[in-house]
Amino acid sequence: MKKMIISPSILDVKEDELKEKIKIIEKSAGKWLHFDVMDGKFVPNVSFDSSLLKSIKEYSKLFMDVHLMVEDVEGQVNEFIKAGPDLISFHFEATQYPIRSINNIHRAGLKAGIVIKPETKVNQLKDLFDYVDVILVMAVEPGMGGQKFIKSTLKKIEKLNYLREKENYKYLIQVDGGINNVNAKLCKEAGADILVSGSYIFKSKNINKAIKSLM
Ligand code: DX5
Ligand code: ZN
């Protein structure tokens, strides 16, 4: 069976513990780092900006997975390109011109992802299936960590997986929100490739064990 990619979300990690936690992830089975960007407009909270990503990149070689929860997609995509992540994903609901931003990300040599909120349907993405490297399915309303996984997300993963097999699309399926060792298995069976997890990983006593239990 294929191996899951786990992308630990540092959203709720305390700033003074960040470096220590990232070093633990580097030695663990997790090879990605999920970086949540909130602007206080697309979602009510405000989180990190690109300067934090730049500083993490000075000491970490993990695959940097940026999740933009912002209204100004074009501006923030350009801002984050300069910080040099590996993948930038932005919300489908936030822009009328997704292909323009996908092209900008690709021109910078990075991978591009599109994110959908729980109420957005998979079909709405049909014009983007050929363009994106990753489709990120939110399993909670974006905006904060520690929420409960919405079960109907599994149907969306199944549908994306079915369409990918049928039409030979190349996108990877990523899931974010409320992931734990129980629903991780269901996501994997439904066809997910990448799981984001914040509170389950960082609240556990053994981060490496928690990451492995999601695989
Ligand atoms: C929610 C964020 C998630 C969040 C995941 O808006 O996009 O990445 O940090 O945290 P948990 O795993 O606690 O739901
Ligand atoms: Zn996220």
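Residues numbered from 1 in each chain as written. Chains lettered and ligands numbered in written order. Predicted model: local features only at pLDDT ≥ 70, side-chain atom pairs only at ≥ 80, totals over all residues. Heavy atoms only, no water.

Q: Whenever I open this one, the site of ligand 1 confuses me. Can you help?
A: Taken together, 20 residues lie around ligand 1, and Gly143, Asp176, Gly178, Gly198 and Ser199 are the ones closest in. Within the side chain of His67, a nitrogen or oxygen atom sits 3.2 Å from an oxygen atom of ligand 1. Ser199 is positioned such that a nitrogen or oxygen atom in its side chain is 2.5 Å from an oxygen atom of ligand 1. Of all the secondary structure elements, the ones that give two or more residues to the shell around ligand 1 are β2 (32-38), β3 (63-69) and β8 (194-197). No other element matches β2, which puts three residues into the shell around ligand 1. (Near = heavy atom within 4 Å. Polar contact = N/O pair within 3.5 Å; in protein donor to acceptor, adjacent residues only side chain to side chain. Helix = DSSP H or I, 4+ residues; strand = E, 2+ residues; numbered from the N terminus.)

Q: Where do I start with the packing of helix α2 (residues 50-57) against helix α3 (residues 73-83) in this structure?
A: Each pair of packed helices can be summarised by the angle the axes make with each other and by the distance between the axes. Interaxial distance between α2 and α3 falls to 9 Å at its minimum, and their mutual angle equals 15 degrees. It follows that α2 is roughly parallel to α3 by the angle criterion. Taken as a pair, α2 and α3 cross one another with a handedness that is right-handed. Across the interface between the two elements, Ser50, Leu53, Lys54 and Lys57 of α2 pack against Glu79, Phe80, Lys82 and Ala83 of α3. A breakdown of the residues in the contact of α2 with α3 according to their chemical character gives three nonpolar, one polar and four charged. (Axes fitted to C-alpha atoms, helices over the stretch in contact; angles between N-to-C directions. Parallel < 35°, antiparallel > 145°, perpendicular 65-115°, else oblique. Left-handed = near helix turned anticlockwise from the far one by under 90°. Contact = heavy atoms within 4.5 Å. Nonpolar A, V, L, I, M, F, W, Y, C, P; charged D, E, K, R; others polar.)

Q: Even after reading the chapter, I still don't get the coordination of the zinc ion (ligand 2), so can you show me in this structure?
A: For the zinc ion (ligand 2), every protein donor is listed as His34 (NE2), Asp36 (OD), His67 (ND1) and Asp176 (OD), and the spread of their distances is 2.1 to 2.3 Å. Classification of the site at the zinc ion (ligand 2) rests on its six donor atoms, whose angles at the metal span 70 to 172 degrees, yielding the label octahedral. Counting along the primary sequence, the residues that act as donors to the zinc ion (ligand 2) give the motif H-x1-D-x30-H-x108-D. You can see Asp36 sitting in strand β2 and its partner His67 sitting in strand β3, a full 31 residues away along the chain. (Donors = N, O, S within 2.8 Å, 3.2 Å for Na, K, Ca; no water. Tetrahedral: all angles 85-135°; square planar, octahedral: opposite > 155°, others 65-115°.)

Q: Is there a simple way to think about the sheet that holds strand β7 (residues 172-176) in this case?
A: Adjacent strands of a sheet pair through backbone hydrogen bonds, lying either parallel or antiparallel. One open sheet accounts for eight strands, arranged β1-β8-β7-β6-β5-β4-β3-β2; its pairing is parallel. Both edges of this open sheet fall to β1 (5-8) and β2, since each of them pairs with a single strand only. Neighbour to neighbour, the strand axes of the sheet diverge by 25 degrees on average, direction disregarded. Bridge count between strand β5 (residues 111-116) and strand β6 (residues 134-138): four bridges; the pairing is parallel. Looking at β6, one finds that Val115 is bridged to Leu136. Lying over the sheet, α3 contacts β2, β3 and β4 (87-91), oriented at roughly 165 degrees with respect to β4. (Pairing = 2+ DSSP bridges.)

Q: Got a minute to help me understand the packing of α3 against helix α4 (residues 98-107) in this structure?
A: Look at α3 against α4: their axes get within 10 Å of each other, and the N-to-C directions meet at 5 degrees. Here α3 is positioned roughly parallel relative to α4, judged by the angle of their axes. The residues of α4 that touch α3, namely those facing Val73, Glu74, Val77, Asn78 and Ile81, are Arg100, Ser101, Asn104 and Ile105. Grouping the constituent residues of the contact of α3 with α4 by class yields four nonpolar, three polar and two charged.

Q: Whenever I open this one, the pairing of β2 confuses me. Can you help?
A: Of all seven residues in β2, seven are buried, a share of seventy percent or more. Residues Trp32, His34, Asp36 and Met38 line one face of β2 and the alternating positions Leu33, Phe35 and Val37 line the opposite face, and both faces are buried. With seven bridges connecting them, β2 and β3 associate as parallel partners. Pairing of Leu33 across the sheet is with Met64, part of β3. Considered for its hand, the β-α-β crossover made up of β2, α2 and β3 is right-handed. (Buried < 20%, exposed > 50% of the residue type's maximum accessible area, 1.4 Å probe, protein only. Right-handed = clockwise from strand over helix to strand, strands pointing away.)

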